[in-house]
Amino acid sequence: PKSTHSTCKLTALRSVIVSRAAHYLYFLSSQINNTSKMISILPATGSAKVKSVLSGDTVVLLGRAPAAGGKAPEVTFTFERVTAPRMASKANNNVDDPEAFPSREWLRTLCVGKTVIFETRKQGASAGDRVYGLLFMPDPSDKTKKMNLSVESVRRGFCIPKVLGGGDTDVDPADESAGYESALQVAYKEAVSNQAGVHSGKPLVRKLMNAGDEFEAMTLVEKSKRICTGGTAKCVIEYVFDGSRFRCLVTDPELESQGLIYGSFTLILAGVSCPRVGNPRLNPPTPSEPFAEAARDFVEQRLLQRELEITLHGCDKSGVCLVGTVHHPRGNISAEILKNGLGRISDWTVRMMSPGDVPPLRIAENAAKRATLGVFESYQPPVLTGASEFMGTVIEVTSGDTLMILPNGETYDAESK
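Procedures and definitions
Residues numbered from 1 in each chain as written. Predicted model: local features only at pLDDT ≥ 70, side-chain atom pairs only at ≥ 80, totals over all residues. Heavy atoms only, no water. Helix = DSSP H or I, 4+ residues; strand = E, 2+ residues; numbered from the N terminus. Buried < 20%, exposed > 50% of the residue type's maximum accessible area, 1.4 Å probe, protein only. Areas by Shrake-Rupley, 256 points an atom, 1.4 Å probe, with all protein chains shown as cover. Core = buried A, V, L, I, M, F, W, Y, C linked by side-chain atoms within 4.5 Å. Contact = heavy atoms within 4.5 Å. Pairing = 2+ DSSP bridges. Phe/Tyr/Trp six-rings, centres within 6.5 Å; stacked < 30°, edge-to-face > 60°. Lys NZ or Arg CZ within 6 Å of the ring centre and 35° of its normal. Expected span 1.5 Å × (residues − 1). Polar contact = N/O pair within 3.5 Å; in protein donor to acceptor, adjacent residues only side chain to side chain. Patch = residues over 30% accessible without salt bridge, like charges linked within 9 Å, V, L, I, M, F, W, Y side chains within 5 Å. Salt bridge = Lys/Arg side-chain N within 4 Å of Asp/Glu carboxyl O.

**As for the overall build of the protein**
Stage number 1. A count of helical and extended segments in the protein gives 9 helices and 18 strands.
Stage number 2. Per-residue burial for the protein yields a buried fraction of 41% across its 417 residues.
Stage number 3. Surface summary for the protein: the accessible area is close to 23,700 Å², and the carbon and sulfur share equals 54%.

Right under this line is the structure:
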């Protein structure tokens, strides 16, 4: 009886194993078939504009919009066979790996907003939602030659090859993979010899600080006005929440002695209020307001990851978000937003600005209203219903072209008047 019972158990176990093996083989077969049908994210070679740099080995490429007014496709692109130090995040207590920030900054300064040539090496099912490959730009020393950004990054000590050793120069010129691997090893040895980047004696380890936690936002406003040249602080626009709210990083060396360098804060663009972008992660998800995506795209193309001078005027009611004016070398971003109908004048932030800076915003907004652009697409000019002339007392000058007048006979007992 015992042997019969054991035989039954073995037979049942064998059936389970065979059944599971069959299911697994079917799963592998379906995965292989699906992989063969997958469409590549990027072609083998091509060119694209760099939208942003996530770290020393990863960028976001921006393609062409499929139609006028459409959203341009984005692809996360990582250098093949090299790795860069990790940037500060909540996962590592807001502390960089050694030399992570200089690695990112070198790549950001070099290629953000510029067109690069790409060669894809791995994408699709084996790469997830990103593409691995090589990026090239014109060599600064010889414009007729291409500079391989991953090899140059290794040479400067900002990246490290994933496989160390080798470096033979006697390789088959037709074997591109072997030639690339050899170039990485030669560049790595050069970086170690020169003690460059991560190989230096004291690589930079950055501690990211957040306004409201590690430092007071108003302290940054006061210090920037008193210490920084021209009263403006140099910052990198790290992220664009919507057309008028950004995440900024202080990079001004004049604020290093005050312990404010690498301070991170939310900036509200003075004088402008843009439609809010929705949040799909909320439950239930919140939709974007009309023209919110267009406003954010407009600003991202011009400000994202650019290092610019910012005049800080003050804080909002929470005391955490700062209000400021962004100075772009090619024009007034606030006026451009208003001129294209992608925002409205914000009365509470415009009062923080210098009176002389307000008229261009009023002119830009009025131009968008007349042309019924963007958020003013259904704008109708106000019709005068009262007297064309009246007597009153000026109670406030809000800007160089706007007055608040209290008519005679009225009592100023509420803000609505």
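More follows now that the structure is in view.
**Topic: the nonpolar core**
Stage number 1. Grouped together as the largest cluster of nonpolar side chains are 47 residues, with contacts concentrated most on L220, F246, F265, V326 and I337.
Stage number 2. With near-sequence residues (within four places) excluded, I337 lies in contact with G243, L269, V272, C274, F298, V299, L342 and G343.
Stage number 3. One finds L134, F136, M147 and V154 within the second-largest nonpolar core, a separate group that totals 33 residues.

**Some points on the pairing of strand 7 (residues 142-148)**
Stage number 1. Looking at chain direction, strand 6 (residues 130-139) and strand 7 are connected through 4 bridges and run antiparallel. Bridging across to strand 7, D139 finds its partner in D142.
Stage number 2. What sits between the antiparallel neighbours strand 6 and strand 7 is a turn of 2 residues.

**A short note on the packing of aromatic side chains**
Stage number 1. Under the criterion given, the structure shown has 5 aromatic pairs.
Stage number 2. Pairing F101 with Y262 gives two aromatic rings, centres 5.3 Å apart and planes at 70 degrees, and the pair type is edge-to-face. Residue F101 is found in helix 2 (residues 100-111), and its partner Y262 is found in the loop between strand 11 (245-250) and strand 12 (263-269); the two are separated by 161 residues along the sequence. Comparing F101 with Y262 shows no difference in burial state: the two are buried.
Stage number 3. Taking the centre distance of 5.1 Å and the plane angle of 70 degrees together, the rings of Y239 and F241 count as edge-to-face.
Stage number 4. Residue Y239 is classed as partly exposed on the basis of its relative accessible area, which comes to 43%.
Stage number 5. Accessibility expressed as a relative area gives 28% for F241, which makes it partly exposed.
Stage number 6. Its end group placed over the ring of Y132, K122 keeps NZ or CZ at 4.8 Å from the ring centre.
Stage number 7. Directly above the ring of F136 sits K146, whose terminal nitrogen or CZ lies 4.6 Å from the centroid.

**Regarding helix 6 (residues 292-303)**
Stage number 1. Taking 1.5 Å per residue, 12 residues should reach 16 Å; helix 6 reaches 16 Å between its end C-alpha atoms and fits that length.
Stage number 2. Looking at helix 6, one finds that the buried residues are A292, A295, R296, D297, F298, V299, E300 and L303.
Stage number 3. Residues of helix 6 that are buried make contact with strand 1 (45-55), strand 10 (233-242), strand 11, strand 14 (307-315), strand 15 (322-327) and helix 7 (333-339).
Stage number 4. Directly after helix 6, the chain includes Q305, whose backbone phi takes a positive value near 60 degrees.

**A short note on the pairing of strand 1**
Stage number 1. Sheet topology note: the strand 1/strand 5 (residues 115-122) ladder contains 5 bridges and is antiparallel. Paired with T45 across the strands is E119, a residue of strand 5.
Stage number 2. Relative to strand 2 (residues 58-62), strand 1 is paired through 5 bridges, and the arrangement is antiparallel. The partner of V50 across the bridge, within strand 2, is L61.

**Digging into the side chain of S55**
Stage number 1. Locating S55 in the fold gives a position in strand 1.
Stage number 2. In terms of polar contacts, S55 uses its side chain to reach the side chain of D57, at 2.8 Å.
Stage number 3. In contact with S55, other than residues within four places in its own chain, are M87, R104 and L107.

**Thoughts on a nonpolar patch on the surface**
Stage number 1. Side chains of F390, V394, V397, L403 and I405 sit close together on the surface and give an oily, nonpolar patch of about 460 Å² of accessible area.
Stage number 2. Those elements giving two or more residues to the nonpolar patch turn out to be strand 17 (392-399) and strand 18 (402-407).
Stage number 3. Turning to its location among the elements, V397 is positioned in strand 17.

**Section: the environment of A217**
Stage number 1. Structurally, A217 is set in helix 5 (residues 217-227).
Stage number 2. With 103 residues separating them along the chain, A217 and V320 place their C-alpha atoms 5.6 Å apart.
Stage number 3. The residues touching A217, leaving out its near neighbours within four places in the chain, are A211, C315, G319, V320 and L322.

**Topic: the side chain of S346**
Stage number 1. Structurally, S346 can be placed in the loop between strand 16 (344-345) and helix 8 (347-350).
Stage number 2. With residues near it in sequence (within four places) discarded, S346 still touches G271, V272 and S273.

**Topic: the pattern of salt bridges**
Stage number 1. In this structure the tally under the stated criterion is 17 salt bridges.
Stage number 2. The salt bridge involving K207 is made with E214; its shortest N-O contact spans 4.0 Å.
Stage number 3. The network of salt bridges with shared partners includes R104, E105, R108 and E238.

**Details of helix 2**
Each α-helix winds once per 3.6 residues, and so residues spaced three or four apart point in a common direction.
Stage number 1. Taking 1.5 Å of rise per residue, the 12 residues of helix 2 would be expected to cover 16 Å, and the 17 Å separating its terminal C-alpha atoms lies within 8% of that figure.
Stage number 2. For helix 2, the buried fraction is high: 11 of the 12 residues fall into the buried class.
Stage number 3. Taken together, the buried positions of helix 2 are occupied by A100, F101, P102, S103, R104, E105, W106, L107, R108, L110 and C111.
Stage number 4. Two residues or fewer past helix 2, G113 is found with a positive phi of approximately 80 degrees.

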